[in-house]
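So you can see what is in the structure, the chains are spelled out below.
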Amino acid sequence: MKIIEVKDVSLGYNGKAVVEGLSFDVEEKDFWTIVGPNGTGKTTLIKAILGLIKPIKGKILVFGCPVQKVCRHRKMIGYVPQMEKFDPNFPARVMDVVLTGSYNKLGAFKMPGKKERERALELLRWLGMEELADHPIGKLSGGQQRKALLARALFAEPRALILDEPTSGVDIVSQEKLIELIEKVYREKGLPVLFVTHNVNPILHLITNAVLLGFGKHAAGSREILFDRKILREIYGKEIEIVSQEGRKYIITGDYHHA
Ligand SMILES: Nc1ncnc2c1ncn2[C@@H]1O[C@H](COP(=O)(O)OP(=O)(O)OP(=O)(O)O)[C@@H](O)[C@H]1O
Ligand SMILES: [Mg+2]
């Protein structure tokens, strides 16, 4: 079953295209990574899939429904936005933020109760954050805020997960834990994942497909394109190293700075 269909889509702002003519289909049990240099439109693509911005051209369907139409399908997607730090004085506790993930499910007028709180605590426990449940979210570190947002996204038992650089700014141990949690959800529920990242190595074992976005060029398809030096050079504009160690491949992109 096709979960997300991106059909010959062009995206941009003020009539200026950032991405042009992109097509790919996300199916059940797919794990897609979206990679590419800064400013090539990864977040823009995700926002378009969520129906937050309208394509200049082409069509996007989620669970068979055009995203611009009013349908419930958008609510089936769990979304962790790219790092946006909460204001230090943001008036909500971690628990409140995780519980906002329940509103879609409960409907606007039903308040979360004991059952919901227990489930939120369970998720926070899994992420090693239980003791922070009553802390003001704005006073947590960036990595802790990321985890709280992942807990919120998972809370609603989504049928697809979209994660925009969920591990950036997260320490190595917590990063492993976060990826472990995402893997657990992915394997147990078989729900498709879209994972934007600048470092694919920690998730290489999960990736089934990839979208590579460059400036004025892109590639989308099976995971093999991640190991295609020619495509990588086109996307990143420089040589990318692929090293093998203990039977596993690693992609070494180094730091990329677009002038
Ligand atoms: N709201 C907006 N209005 C106008 N231009 C925008 C807007 N949001 C993004 N852009 C531009 O669109 C391009 C793509 O931005 P986007 O945030 O999608 O990049 P990205 O690939 O997610 O980058 P990064 O790796 O830094 O997160 C950039 O040139 C950016 O400046
Ligand atoms: Mg981005």
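This text goes with the structure placed above it.
Rules behind the numbers
- Residues numbered from 1 in each chain as written.
- Chains lettered and ligands numbered in written order.
- Predicted model: local features only at pLDDT ≥ 70, side-chain atom pairs only at ≥ 80, totals over all residues.
- Heavy atoms only, no water.
- Donors = N, O, S within 2.8 Å, 3.2 Å for Na, K, Ca; no water.
- Helix = DSSP H or I, 4+ residues; strand = E, 2+ residues; numbered from the N terminus.
- Buried < 20%, exposed > 50% of the residue type's maximum accessible area, 1.4 Å probe, protein only.
- Contact = heavy atoms within 4.5 Å.
- Pairing = 2+ DSSP bridges.
- Near = heavy atom within 4 Å.
- Polar contact = N/O pair within 3.5 Å; in protein donor to acceptor, adjacent residues only side chain to side chain.
- Areas by Shrake-Rupley, 256 points an atom, 1.4 Å probe, with all protein chains shown as cover.
- Expected span 1.5 Å × (residues − 1).
- Axes fitted to C-alpha atoms, helices over the stretch in contact; angles between N-to-C directions.
- Parallel < 35°, antiparallel > 145°, perpendicular 65-115°, else oblique.
- Left-handed = near helix turned anticlockwise from the far one by under 90°.

A. Just the coordination of the magnesium ion (ligand 2), in detail. All of the protein donors around the magnesium ion (ligand 2) are Thr43 (OG1) and Gln82 (OE1); their distances to the metal are 2.0 to 2.1 Å. In this pair, threonine 43 is assigned in helix α1 (residues 42–49) and glutamine 82 in the loop between β6 (77–80) and α2 (94–99), connecting sequence segments 39 residues apart. The partly exposed category is assigned to glutamine 82, whose relative accessible area is 28%.

B. Focus on the environment of methionine 83. Position of methionine 83 relative to the elements: it lies in the loop between β6 and α2. With relative accessibility at 31%, the residue methionine 83 sits in the partly exposed group. Each C-alpha atom of the pair methionine 83 and arginine 146 lies 7.4 Å from the other, and the pair is 63 residues apart in sequence. Look past the residues within four positions of methionine 83 in its chain and what remains in contact with it is Gly142, Arg146 and Ser168.

C. Region of interest: the sheet that holds strand β1 (residues 2–13). The antiparallel open sheet is built from four strands, whose spatial order is β2-β1-β4-β5. Since the sheet does not close on itself, it has two edges, and those belong to β2 (16–27) and β5 (65–66), each with one partner.

D. Spatial organisation of the site of ligand 1. Around ligand 1, the structure places 13 residues, and the nearest of them are Gly39, Lys42, Thr43, Thr44 and Gln82. Within the contact set of ligand 1, an oxygen atom lies 2.8 Å away from a backbone nitrogen or oxygen of glycine 39. Within the contact set of ligand 1, an oxygen atom lies 2.9 Å away from a side-chain nitrogen or oxygen of threonine 43. A total of 640 Å² of accessible area belongs to ligand 1 in isolation, and the protein chains cover 58% of it. It is α1 that contributes the most residues to the shell around ligand 1, three residues altogether.

E. The arrangement of helix α6 (residues 172–189) in detail. Between its first and last C-alpha atoms α6 spans 25 Å; for 18 residues at 1.5 Å apiece the expected length is 26 Å, and the two agree. Within the sequence span of α6, burial applies to Ser174, Gln175, Leu178, Ile179, Leu181, Ile182, Glu183, Val185 and Tyr186. Summarising the contacts, the buried residues of α6 are in contact with β3 (31–35), α4 (114–126), α5 (142–155), β7 (160–164) and β8 (193–196). Residue aspartate 171 occupies the N-cap position of α6, its side-chain oxygen lying 3.0 Å from the main-chain nitrogen of valine 173. Downstream of α6 by one or two residues, glycine 190 has phi in the positive range, about 60°.

F. Just the packing of α4 against α5, in detail. Direction vectors running N to C along α4 and α5 enclose 135°, while the axes themselves pass 10 Å from each other. In this view, α4 runs oblique relative to α5, as classed from their interaxial angle. By crossing handedness, the relation of α4 to α5 is classed as right-handed. Together, Glu116, Arg119, Ala120, Leu123 and Leu124 of α4 and Ala151, Leu154 and Phe155 of α5 make up the contact between the two elements.

G. Region of interest: the environment of proline 55. Residue placement: proline 55 occurs in the loop between α1 and β4 (57–62). Take proline 55: its relative accessible area is 14%, and that puts it in the buried class. When the C-alpha positions of proline 55 and glutamate 188 are compared, they lie 33 Å apart, and in sequence the two are 133 residues distant.

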